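Below, each chain spelled out in residue letters.
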Protein chains: 2
Amino acid sequence: MDKNMKIGFIGLGVMGQSMAGHLLDAGYDLHVYNRTKSKAEGLLARGAEWMSSVEALAKRCEVIFTILGFPADVEEVYLGEGGLLAHARPGTVLVDMTTSSPELAERIYQVALSRELKVLDAPVSGGDLGARAGTLSIMAGGEKELFDELLPLLGCMGNNIVHQGPAGSGQHCKMCNQITIASNMLGVCEAMAYAQKSGLDTEKVLKSISSGAAGSWSLENLAPRMLEGNFDPGFFVKHFIKDMGIAADSAEGMSLDLPGLELALTRYRALQASGFGDEGTQALFRLYSPDQGAV
Amino acid sequence: MDKNMKIGFIGLGVMGQSMAGHLLDAGYDLHVYNRTKSKAEGLLARGAEWMSSVEALAKRCEVIFTILGFPADVEEVYLGEGGLLAHARPGTVLVDMTTSSPELAERIYQVALSRELKVLDAPVSGGDLGARAGTLSIMAGGEKELFDELLPLLGCMGNNIVHQGPAGSGQHCKMCNQITIASNMLGVCEAMAYAQKSGLDTEKVLKSISSGAAGSWSLENLAPRMLEGNFDPGFFVKHFIKDMGIAADSAEGMSLDLPGLELALTRYRALQASGFGDEGTQALFRLYSPDQGAV
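Everything quoted here is computed from the prediction, not taken from an experiment.

*Asks:* What should I look at first to understand a negative patch on the surface in this one?
*Replies:* Residue and element names in this part refer to chain A. A cluster of acidic side chains, namely Asp-249, Glu-252, Asp-257 and Glu-262, defines a negative patch on the protein surface. Along the chain, Asp-249 falls in helix α13 (residues 237-253). By relative accessible area, Asp-249 is classed as exposed at 55%.

Here is the structure:
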């Protein structure tokens, strides 16, 4: 792709900062905007250009990436009065990498069509470590031709990049990812709670069960943190609740009954209600462990 | 270990046949008994000696392995009138590899002590493939000294052999394995159902989510079978229900609330009630898929 092309990036949280940094490292002319300007400082020091508003960025850039917090933020940044769809020039490409609602992604796609803009929904998995290493999994929805054009840019941020189908499909795929994790977290917590309660040596239990049919990323990576009482966020409880809520709404809209997801969502909401929304998802273990303050 | 030592093996189902076969291959003097004699034929043809009853086998052998169906079978074979504890000679070693109740394992251990017998509970995971390949994970409970003595024999059947603690600990560890799998199966089924319902290409979804934080043995091995409608048993629904029931009872006995396990057990019982108890655990997907006859 043309390295002189003006790239925009909105949303400089932990994920966004790393992802935008890769575009900068690859030599693109990067323009950034974020609600809290201080989070842009590192990128500005490395040569990114600050834009004073979404509107200003929209008018300047040819390809614009966003990774925001909640669907309400996506709605405002895309569909609001000062938003991307109102101010981007015809032909501009908009890529939303927020984990957000499939229905909203489809709505943005329809509005964009009518304004001669091109959009892709492209949420990611892989967390802060994947973002930093440029090894994210990127699940994209939108026109295949557009997806193919964007591959050089997406390839700066991820290494498992799959076109899932039409607009909204990237979000739907991300929902599958979160649905799988939701119930598995219950299983991992419950097994570790059972192990402790029955007096087993949890390290030995993990040695016996991690490599077989019970094995999973969560068991391998999060069970040890649970057992150490390390609830530092890799992935925030509050964000996981947001994602599961979107998945539950989306499933309900399709008349699909997902009792495992519902149970996990209920349990995580109880955890958040006890004041642990800013911890990592492994903090679910607190609900099973009388010493951890959330029972 | 002394290759002339008389080894007994009771329970020649799919697992038992393979496991006993490895002891035979290793050159041990193998004596076998099974309720249905025909299942012993392969082993007898290879040199194993048929015993006409549990009692006869108990009187003849120095180390006796069992892998049976349900806890009631274990209770009968160990504690019944014609059982192992009544008829084994002092000093005999008894190793129960059935997935059974931790409480029963402790009870057998206590009775055995009073009769100068040595027992180990040593359930396995790895399924029929692991049994055939001799790569089972073996989780053992009982005296450490006895465990160490038995390692050469256990090593014929498994390659991840861990002493978990005192009598009952092997069973407790196996419960941790099954508890982990139970909720994860909900997540895998629900994600695949969501993928289908939202019109995604499930192969692409698996490409996006299998290697990241949603990844698990079940997602990798069982999701493809679900999607093909292949519900052939690797591990039977009816046996998984047995195991989850033991885990649920055991958790209740420890006043431990495991809602994920309870939900999985309820769902699997519904599946069995629809007539699918003899299928593999991936048949849980039927409950989510209107074409599969169990909704």
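*Asks:* How should I be thinking about the pattern of salt bridges in this particular structure?
*Replies:* Pairing between side chains of opposite charge can happen when their charged atoms approach one another. Residues and elements named next belong to chain B. Per the stated rule, a full pass over the model turns up 24 salt bridges over all chains. In this structure, the salt-bridge partner of Arg-35 is Asp-73, at a minimum N-O distance of 3.6 Å. One end of the pair, Arg-35, is in the loop between β2 (29-33) and α2 (41-45); the other, Asp-73, is in helix α4 (residues 71-79), and 38 residues separate them in sequence. Judged by relative accessible area, which is 17%, Asp-73 ranks as buried. One salt bridge connects Glu-49 with Arg-60, and the closest N-O pair in it is separated by 3.1 Å. Placement of the pair is Glu-49 in strand β3 (residues 49-50) and Arg-60 in helix α3 (residues 54-60), with a sequence separation of 11 residues. Judged by its relative accessible area of 33%, Arg-60 falls in the partly exposed class.

*Asks:* When you look at the interface of chain B and chain A in this model, what are you seeing that I'm missing?
*Replies:* Quite often, the size of an interface is put as the accessible area lost when its parts meet. Taken together, the contact between chain B and chain A spans 59 residues of the former and 58 residues of the latter. Between chain B and chain A, roughly 4,700 Å² of surface is buried when both sides are summed, and carbon and sulfur atoms account for 63% of that area. Summed over the shared surface of chain B and chain A, the number is zero salt bridges. Breaking the side of chain B that touches chain A down by element, the ones donating at least two residues are β8 (136-141), β9 (158-165), α9 (169-197), α10 (202-209), α11 (217-221), α13 (237-253) and α14 (259-276) of chain B. At 20 residues, the largest contribution of residues to the side of chain B that touches chain A is made by α9(B). Among the residues making up the side of chain B that touches chain A, the classes are represented as 31 nonpolar, 21 polar and seven charged.

*Asks:* How should the relation of the copies chain B and chain A be read in this particular structure?
*Replies:* You can overlay chain B on chain A at an RMSD of 0.0 Å; the transform is a turn of 180° with a shift of 0.0 Å along its axis. Both chain copies can therefore be described as sitting about a two-fold axis. Interface residue correspondence from chain B to chain A reaches 98%, placing this contact among same-surface, isologous pairings.

*Asks:* How should I be thinking about the packing of aromatic side chains in this particular structure?
*Replies:* Aromatic ring pairs are reported here in terms of the distance separating the ring centres and the angle at which the planes meet. Counted under the stated rule, the structure contains eight aromatic pairs over all chains. Measuring from centroid to centroid gives 5.1 Å for A:Phe240 and A:Tyr268, while their planes differ by 85°, and the two rings are edge-to-face. Taken together, the residues span a long stretch of sequence, with A:Phe240 in helix α13 and A:Tyr268 in helix α14 (residues 259-276) at a distance of 28 residues. Here A:Phe240 and A:Tyr268 have matching classes, each one buried. On the basis of an interplanar angle of 35° and a centroid distance of 5.6 Å, the ring pair of B:Tyr33 and B:Trp50 is categorised as tilted. One end of the pair, B:Tyr33, is in strand β2; the other, B:Trp50, is in strand β3, with 17 residues separating them in the sequence. Look at B:Tyr33 and you get buried, because its relative accessible area is 18%. Among the aromatic residues, those joined into a ring-pair cluster are A:Phe235, A:Phe240 and A:Tyr268.

*Asks:* Just to check I follow, could you spell out the packing of helix α9 (residues 169-197) of chain A against α13(A) for this structure?
*Replies:* When two helices pack together, their arrangement is given by the angle between the helix axes and the distance between those axes. Residue and element names in this part refer to chain A. Packing of α9 against α13 brings their axes to within 9 Å, and their N-to-C directions diverge by 110°. Judged by the angle between their axes, α9 and α13 are roughly perpendicular. Considering only the axes of α9 and α13, their crossing is left-handed. On α13, the residues touching His-172, Lys-174, Met-175, Gln-178, Ile-179, Ile-181 and Ala-182 of α9 are Phe-240, Asp-243, Met-244, Ile-246, Ala-247 and Ser-250. Taken together, the residues of the contact of α9 with α13 break down into eight nonpolar, three polar and two charged.

*Asks:* For this particular structure, what's the right way to read unusual backbone geometry?
*Replies:* Negative phi values dominate among residues other than glycine, just as trans dominates among peptide bonds. All names here are of chain B. Phi is positive for Glu-116, close to 60°, though the residue is something other than glycine. Looking at where Glu-116 falls in the secondary structure, it is placed in the loop between α6 (102-114) and β6 (118-121). Residue classification places Glu-116 among the exposed positions, given a relative accessible area of 58%. The backbone phi angle of Ser-255 is positive, close to 55°, even though this residue is not glycine. Within the secondary structure, Ser-255 sits in the loop between α13 and α14. Judged by its relative accessible area of 65%, Ser-255 falls in the exposed class.

*Asks:* Just checking my understanding: could you explain the side chain of A:His31 for this structure?
*Replies:* Residue and element names in this part refer to chain A. Residue placement: His-31 occurs in strand β2 (residues 29-33). His-31 sits in the buried class, given a relative accessible area of 0%. His-31 has contacts with Lys-6, Ile-7, Gly-8, Phe-9, Glu-49, Met-51, Leu-57, Arg-60 and Cys-61, leaving out every residue within four places of it along the chain.

*Asks:* I tried to follow helix α1 (residues 14-25) of chain A on my own but got confused; where do I start?
*Replies:* Spacing of three or four residues puts side chains on the same side of an α-helix, whose turn is 3.6 residues. Residues and elements named next belong to chain A. Helix length check: α1 (12 residues) gives 17 Å between terminal C-alpha atoms against 16 Å at 1.5 Å per residue, within 8%. Every buried residue of α1 is accounted for by Gly-16, Ser-18, Met-19, Ala-20, Gly-21, His-22, Leu-23 and Leu-24. In the segment just after α1, Gly-27 is the residue with positive phi, at about 95°.

*Asks:* In this structure, what is going on with the packing of helix α4 (residues 71-79) of chain A against helix α6 (residues 102-114) of chain A? I would like to understand it.
*Replies:* All names here are of chain A. Direction vectors running N to C along α4 and α6 enclose 5°, while the axes themselves pass 11 Å from each other. It follows that α4 is roughly parallel to α6 by the angle criterion. Judged by residue contacts, Pro-71, Val-74, Glu-75, Tyr-78 and Leu-79 of α4 engage Leu-104, Arg-107, Ile-108 and Val-111 from α6. Looking at side-chain class alone, the contact of α4 with α6 contains seven nonpolar, no polar and two charged residues.

*Asks:* Where do I start with the environment of A:Pro90 in this structure?
*Replies:* All names here are of chain A. Locating Pro-90 in the fold gives a position in the loop between α5 (84-87) and β5 (93-96). Classification of Pro-90 as exposed rests on a relative accessible area of 59%. A sequence separation of 25 residues divides Pro-90 from Arg-115, and the C-alpha atoms of the two residues are 6.7 Å apart. Excluding residues within four positions of it along the chain, Pro-90 makes contact with Arg-115, Glu-116 and Leu-117.

*Asks:* Which parts of the structure should I look at to understand the environment of A:Pro166?
*Replies:* All names here are of chain A. Along the chain, the position of Pro-166 falls in the loop between β9 (158-165) and α9. Remark: the alpha-carbon pair of Pro-166 and Ala-140, spanning 26 residues in sequence, is separated by 8.5 Å. Residues in contact with Pro-166, not counting those within four places in the same chain, are Gly-141 and Gly-142.

*Asks:* What's the story with the side chain of B:Ser216 in this structure? I'm lost.
*Replies:* Its place among the elements puts B:Ser216 in the loop between α10 and α11. On the accessibility criterion, B:Ser216 (7% relative accessible area) is buried. Within the structure, B:Ser216 has its side chain in polar contact with the side chain of B:Asn184 (distance 3.0 Å). Those residues in contact with B:Ser216 that lie beyond four places of it in its chain are A:Gly215, A:Ser216, B:Asn184 and B:Val188.

Quick notes on the rules
- Residues numbered from 1 in each chain as written.
- Chains lettered and ligands numbered in written order.
- Predicted model: local features only at pLDDT ≥ 70, side-chain atom pairs only at ≥ 80, totals over all residues.
- Heavy atoms only, no water.
- Patch = residues over 30% accessible without salt bridge, like charges linked within 9 Å, V, L, I, M, F, W, Y side chains within 5 Å.
- Areas by Shrake-Rupley, 256 points an atom, 1.4 Å probe, with all protein chains shown as cover.
- Salt bridge = Lys/Arg side-chain N within 4 Å of Asp/Glu carboxyl O.
- Lys, Arg positive; Asp, Glu negative; His and termini not counted.
- Charge placed at Lys NZ, Arg CZ, Asp CG, Glu CD.
- Helix = DSSP H or I, 4+ residues; strand = E, 2+ residues; numbered from the N terminus.
- Buried < 20%, exposed > 50% of the residue type's maximum accessible area, 1.4 Å probe, protein only.
- Contact = heavy atoms within 4.5 Å.
- Buried area = accessible area lost by both parts, 1.4 Å probe.
- Nonpolar A, V, L, I, M, F, W, Y, C, P; charged D, E, K, R; others polar.
- Least-squares fit on C-alpha atoms with pLDDT ≥ 70 in both.
- Phe/Tyr/Trp six-rings, centres within 6.5 Å; stacked < 30°, edge-to-face > 60°.
- Axes fitted to C-alpha atoms, helices over the stretch in contact; angles between N-to-C directions.
- Parallel < 35°, antiparallel > 145°, perpendicular 65-115°, else oblique.
- Left-handed = near helix turned anticlockwise from the far one by under 90°.
- Expected span 1.5 Å × (residues − 1).
- Polar contact = N/O pair within 3.5 Å; in protein donor to acceptor, adjacent residues only side chain to side chain.

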